[in-house]
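Given next are the chains, with one letter for each unit.
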Amino acid sequence: MKRQTRALLGRLVAAALTPLLGVVALWRRVVGTANAHGEPRSVLLVRLDLMGDIVNGLSSAHAARRRWPRAHIAFMAPPQWRAIVDRCSAVDETIALDPAAVTHWPAGLDPRRWGQLLRALVSLRARRFDLAVSIYGQIAGTVVALSGARERRGYRGEAPRFSFDRSFDGKRRNGGPHETELATRLVDGDRSPWRTIDRTDDLATPEVLAGIGRPLVVAHAGAAHGDAKRWREEHWERALAELAAGGATVALVGLAGDRALARRLQGSVHNLIDLTGETSLETLMGTLQAADLVISTDSGPAHLARALGTRVVALHGPTDAALHGPGDPACAALRVDMPCGPCYDFRRVATCQFGDTLCMEWLDPSRVVGAARSMLAI
């Protein structure tokens, strides 16, 4: 019900903004926009969503830095992901904006939240960026439309009509280009490096990892955006026990709600280090960077590990590995081909319409162990 309410509010806001944006577009066409075709001195990139989405969106910052090396590049993201954006060398400035403050129920009924959002937009317009780019999403597109930038870009259909001066063809779809490629297309046709989080010399790791045996395998079993992405606990137990028996040290990361798996593994996995619910975002990044391999569901930490330069074995079920996978050829994305999949359609969290998630059930632990051993040479 909450998601339906948010979708309805989004359509109402888009309908209300369209006439205004049409007038603005006409005015911009009549008077012209300064620097619309020159090299921008300031660039605003907007991506407002989950951890993995922000990580993939950072490819646009590297593309912008390559194309306009002298430009000031700002990246707008929700405040909880600032620590990630701050560690991207291509970004000069992180601008925090929390769309959940007005899109989540019942917070959106608080007029003070709307007042804060309005003040943020007024402040943004005063910056007069030369170029503003909506990397993905209706909210990001609307922010760019209202940014006052001299040139506004985004994918056609991802914002109210008349939002962009330059609209691009393309959309996120199963079988389509990878998320990072879709982000860079808006700025530069060339693909950015897979390692996009590179200010990491001072990242701290939990003390418990000091002096551990190698290789270190970090496992992440959580999935904040849909339970259909989860792998069975029995599968995790078998795979991690085999890797530990082969000499690997295994560390578990995740939210406090993932501790049930840790309790299950205590008696069957040697050299197990339980970090679930114990890491901040900074120490999570440090742990992922310290790992020799990360095994994860299709979730934020999988993308974060790849962006930190760590090899990843990603486990896919309802989501398309070509679009949502690690992408980097040094990593691996495993899934089981099913007639009904990949079925994730971007409109809701990942759920199975049949209620059995066989795409994850039939992903055999032996495949995961084989991929991990090949990458670790053990």
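See the structure above.
The rules behind each value
- Residues numbered from 1 in each chain as written.
- Predicted model: local features only at pLDDT ≥ 70, side-chain atom pairs only at ≥ 80, totals over all residues.
- Heavy atoms only, no water.
- Helix = DSSP H or I, 4+ residues; strand = E, 2+ residues; numbered from the N terminus.
- Buried < 20%, exposed > 50% of the residue type's maximum accessible area, 1.4 Å probe, protein only.
- Polar contact = N/O pair within 3.5 Å; in protein donor to acceptor, adjacent residues only side chain to side chain.
- Pairing = 2+ DSSP bridges.
- Axes fitted to C-alpha atoms, helices over the stretch in contact; angles between N-to-C directions.
- Contact = heavy atoms within 4.5 Å.

(A) Structural detail: unusual backbone geometry. Across the junction of R214 and P215, the peptide omega takes the value 5 degrees, indicating a cis bond. If you trace the backbone, P215 turns up in the loop between α8 (179-185) and β7 (216-220). In this model, N271 sits at a positive phi of 55 degrees, which is unusual for a non-glycine residue. By secondary structure assignment, the location of N271 is in the loop between α10 (259-265) and β9 (272-274). Relative accessible area serves as the criterion here: at 47%, N271 is assigned to the partly exposed category.

(B) Inspection of the side chain of D298 at higher detail. Positionally, D298 belongs in the loop between β10 (293-297) and α12 (300-307). Overall, D298 belongs to the buried group, its relative accessible area being 4%. At 3.3 Å, the side chain of D298 forms a polar contact with the side chain of H303.

(C) Spotlight on the sheet that holds β7. Pairing is parallel across the open sheet formed by six strands, whose spatial order is β9-β8-β7-β10-β11-β12. At either margin of the open sheet sits one strand with a lone partner, and together these are β9 and β12 (332-334). The mean inter-strand angle of the sheet, taken between neighbouring strand axes irrespective of direction, is 20 degrees. Of the strand pairs in this sheet, β7 and β10 are connected by four bridges, and their pairing is parallel. Residue pairing across strands places V217 opposite L293, the latter belonging to β10. Most of the contacts of helix α15 (residues 365-376) go to strand β11 (residues 312-315), to which it runs at about 165 degrees, and overall it touches β7, β10, β11 and β12.

(D) Looking closely at the environment of P79. Among the structural elements, P79 can be located in the loop between β2 (72-77) and α4 (82-85). Residue P79 is classed as partly exposed on the basis of its relative accessible area of 40%. For P79, the residues in contact, after removing those within four places along its chain, are A96, L97 and D98.

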